[in-house]
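The lines below spell out each chain.
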Amino acid sequence: MKFNCEVINQNVKTKKEKDYKFKVTEVTLETLRLDAEAVDLVNTEVNVTLHDVDFVAEVTNVTVGIKKINKIPYRNFKVKLLFEGTNDEIARLVNKSVEVTLV
C-alpha cells in the first residue's frame, strides 16, 4: 500500500519488560488519502519504506479525524507505527511530506 503523508513526529520511549529495558520508537504519519484496507494492518508487522528509509514496524493505530484546510473540512488519517530501537534517519523526515509504502 503506497500513499503520500506527512511525518508528524517520532517519539522514542523506554519500555520495560521484567528486568529488561529497551527503547521503542513510535512514528506518526498523517495523510488525507488512505485505503480502507489500512485498518486491517493494525496489530500486524509490516515492512515500511519511508522516503528512502527502510524498517520493520508494527501498525499500532489508524485514526480518522477532520482537518480544516482553508476553512474546508477534510477527512484525515493518522497512522502510528512502532518498532524496537531507534533510527536517526527518520528524525530528519519529521515535518516533511514523503511517500510511504507498507507491505
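As a starting point, this report considers the structure included with it. In this text, all values refer to a predicted model and were calculated from it rather than measured experimentally.

Conventions adopted
- Residues numbered from 1 in each chain as written.
- Predicted model: local features only at pLDDT ≥ 70, side-chain atom pairs only at ≥ 80, totals over all residues.
- Heavy atoms only, no water.
- Helix = DSSP H or I, 4+ residues; strand = E, 2+ residues; numbered from the N terminus.
- Rg over C-alpha atoms; globule rule 2.2 N^0.38 Å.
- Buried < 20%, exposed > 50% of the residue type's maximum accessible area, 1.4 Å probe, protein only.
- Areas by Shrake-Rupley, 256 points an atom, 1.4 Å probe, with all protein chains shown as cover.
- Lys, Arg positive; Asp, Glu negative; His and termini not counted.
- Charge placed at Lys NZ, Arg CZ, Asp CG, Glu CD.
- Pairing = 2+ DSSP bridges.

Re the overall build of the protein
What the protein contains, in helices and strands, is 1 helix and 6 strands. Listing each helix as α and each strand as β along the protein from the N terminus yields β-β-β-β-β-α-β. Radius of gyration (C-alpha) of the protein: 14 Å, near the 13 Å computed for a compact globule of 103 residues. In terms of overall dimensions, the protein has a C-alpha envelope of 50 × 30 × 25 Å along the principal axes. Expressed as a percentage of the 103 residues in the protein, the buried residues total 33%. Element-wise, carbon and sulfur atoms account for 46% of the exposed surface of the protein, whose accessible area totals about 6800 Å². Charged side chains in the protein number 16 positive and 16 negative. The centres of these two groups are separated by 9 Å.

Side note on the pairing of strand β2 (residues 20-31)
The buried count for β2 comes to 9 of 12 residues, which makes it a mostly enclosed element. The hairpin turn running from strand β1 (residues 2-17) into β2, its antiparallel successor, is 2 residues long, and Lys18 in that turn takes a positive phi close to 55 degrees. Relative to strand β5 (residues 72-84), β2 runs antiparallel, the two sharing 8 bridges. Looking at β5, one finds that Thr25 is bridged to Phe83.

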